[in-house]
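Examination of the molecular architecture
Listed here are the chains, written in short residue letters.
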Amino acid sequence: MKHIIAAVALLVRDYDEAIAFYTRCLDFELVEDTPLGGGKRWVLVSPPGARETRLLLAQASTAEQDACVGEQAGGRVFLFLYVDDFYARYEAMRMRGVRFIERPREEPYGTVAVFEDLYGNRWDMLQPRQSAAGTE
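Treat the numbers as computed from the prediction; the structure is a model and nothing was measured. Residue positions are counted from 1 within each chain, in the order its sequence is given. Only residues with pLDDT of at least 70 are given local features in this predicted model, and only at 80 or more are side-chain atom pairs given and counted; all residues enter the totals for whole chains, interfaces and linings. Side-chain descriptors were evaluated using all non-hydrogen atoms of the structure, hydrogens and water having been removed beforehand.

**Regarding the pattern of salt bridges**
Keep this limit in mind: Salt bridge, as applied in this entry: a Lys or Arg side-chain nitrogen positioned within 4 Å of an Asp or Glu carboxyl oxygen. A run of H or I in DSSP becomes a helix once it reaches four residues, and a run of E becomes a strand once it reaches two; helices and strands are each numbered from the N terminus.
A complete count under the given rule lists 10 salt bridges for this structure. One salt bridge in this structure joins R94 and E91, with 3.1 Å as the shortest N-O distance. Of this pair, R94 and E91 both sit in helix α3 (residues 86-95), 3 residues apart, which is roughly one turn of the helix. One salt-bridge network, held together by shared partners, links D16, D33 and R41.

Right under this line is the structure:
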């Protein structure tokens, strides 16, 4: 059996606003939304075409958790979204209101730009060069 990281928990303020952002602005798929009782839900979203990668949208339920929403990586890039057609995806996301905090740039490993999700978590959107992705 292979071992994978199947999901990463991402603290959110509200399930529904987070689902709306990830599905409408980032074009992610809603994989599951199961009520667990007591207002909690098991909410999984996934990038388009991803078979094993999931984000578990976890609604903050304490003041301590709420203080960490948008700050899970202390202001550093937290997550990395690999894309096939960088500039098409970049324009589509901008048109849907995604805030990029820098212009796209070419790096030895690929084309990249940093954006923020609705809570301020920073993401790298990256189209890796073939050798950087290990596919050469």
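Still to come is the rest of the account.
**Here we look at the environment of A113**
Operational definition: Buried, partly exposed and exposed residues are distinguished by accessible area as a fraction of the type maximum, computed with a 1.4 Å probe on protein chains only: under 20%, between the cut-offs, and over 50%, respectively. By definition, residues are in contact when any of their heavy atoms lie within 4.5 Å.
One can find A113 in strand β8 (residues 110-116). Look at A113 and you get buried, because its relative accessible area is 0%. A C-alpha to C-alpha distance of 20 Å links A113 and L55, two positions 58 residues apart in sequence. Once residues lying within four places of it in the same chain are set aside, the contact partners of A113 are F86, F100, E102, R103, P104, W123, D124 and M125.

**Details of the confidence of the model for the chain**
Should pLDDT be low for a region, the predicted coordinates there are not to be read in detail. The condition that has to hold: Along the chain, pLDDT gives the predictor's confidence residue by residue, from 0 to 100.
For the chain, per-residue confidence averages 92 on the pLDDT scale, and residues scoring 70 or more make up 96% of the total. Looking over the chain, one finds the lowest element-wise mean pLDDT in helix α4 (residues 130-133), namely 59, and the highest in strand β6 (residues 99-100), namely 98.

**Quick notes on the packing of aromatic side chains**
For any two aromatic rings, the description comes down to two numbers: the centre-to-centre distance and the angle of the planes. Put simply, the rule reads: Stacked, edge-to-face and tilted labels apply to pairs of Phe, Tyr and Trp rings (six-membered ring for Trp) whose centres lie within 6.5 Å, assigned for plane angles under 30 degrees, over 60, and everything in between, in that order.
Scanning the model with the defined rule gives 9 aromatic pairs in all. Relative to W123, the ring of Y22 has its centre 6.1 Å away and its plane inclined at 45°; by these criteria the two rings are tilted. A residue pair is termed long-range when its members are at least 10 positions apart, and Y22 in helix α1 (residues 15-25) and W123 in strand β9 (residues 122-128) qualify at 101 residues. Residue Y22 shares its accessibility class with W123, and that shared class is buried. Aromatic pair F28 and W123: ring centres 6.2 Å apart, planes at 75°, arrangement edge-to-face. In this pair, F28 is assigned in the loop between α1 and β2 (29-37) and W123 in strand β9, connecting sequence segments 95 residues apart. Just as F28 is buried, W123 falls in that class too.

**Details of α1**
The criterion, for reference: Pairs of N or O atoms within 3.5 Å make up the polar contacts considered here, provided that, within protein, one atom can donate a hydrogen while the other can accept it, and that residues adjacent in sequence are counted only when both atoms are side-chain atoms.
Among all positions in α1, only Y15, A18, I19, F21, Y22 and C25 are buried. Two or three places before D16, at the opening of α1, D14 has a side-chain oxygen 3.0 Å from that residue's backbone nitrogen. Positive backbone phi, approximately 65°, marks D27, located one or two places after α1.

**With respect to the nonpolar core**
As a rule of thumb, nonpolar side chains are buried together in soluble globular proteins. How we decide: Definition of nonpolar core: a set of buried residues of the types Ala, Val, Leu, Ile, Met, Phe, Trp, Tyr and Cys, connected through side-chain atoms within 4.5 Å.
Of all hydrophobic cores here, the largest spans 30 residues; its most connected members are Y22, L55, L57 and F115. Contributing elements (two or more residues each) for this core: β1 (7-12), α1, β3 (40-46), β4 (54-59), β5 (77-82), α3, β8 and β9. Ranked by residues supplied to this core, first place goes to α1 with 6 residues. Excluding residues within four positions of it along the chain, F115 makes contact with L26, L81, M93, V98, R99, F100, I101, N121, R122, W123 and M125.

**Overview of the pairing of β4**
What counts here: Pairing between strands is defined by DSSP: at least two bridges between them are needed.
As paired strands, β1 and β4 are joined by 6 bridges and run parallel to one another. Its bridge partner being in β4, A9 is matched across the sheet by L56. Examined bridge by bridge, β3 and β4 share 3 bridges and lie antiparallel to one another. Counterpart to L44 in the pairing with β4 is L56.

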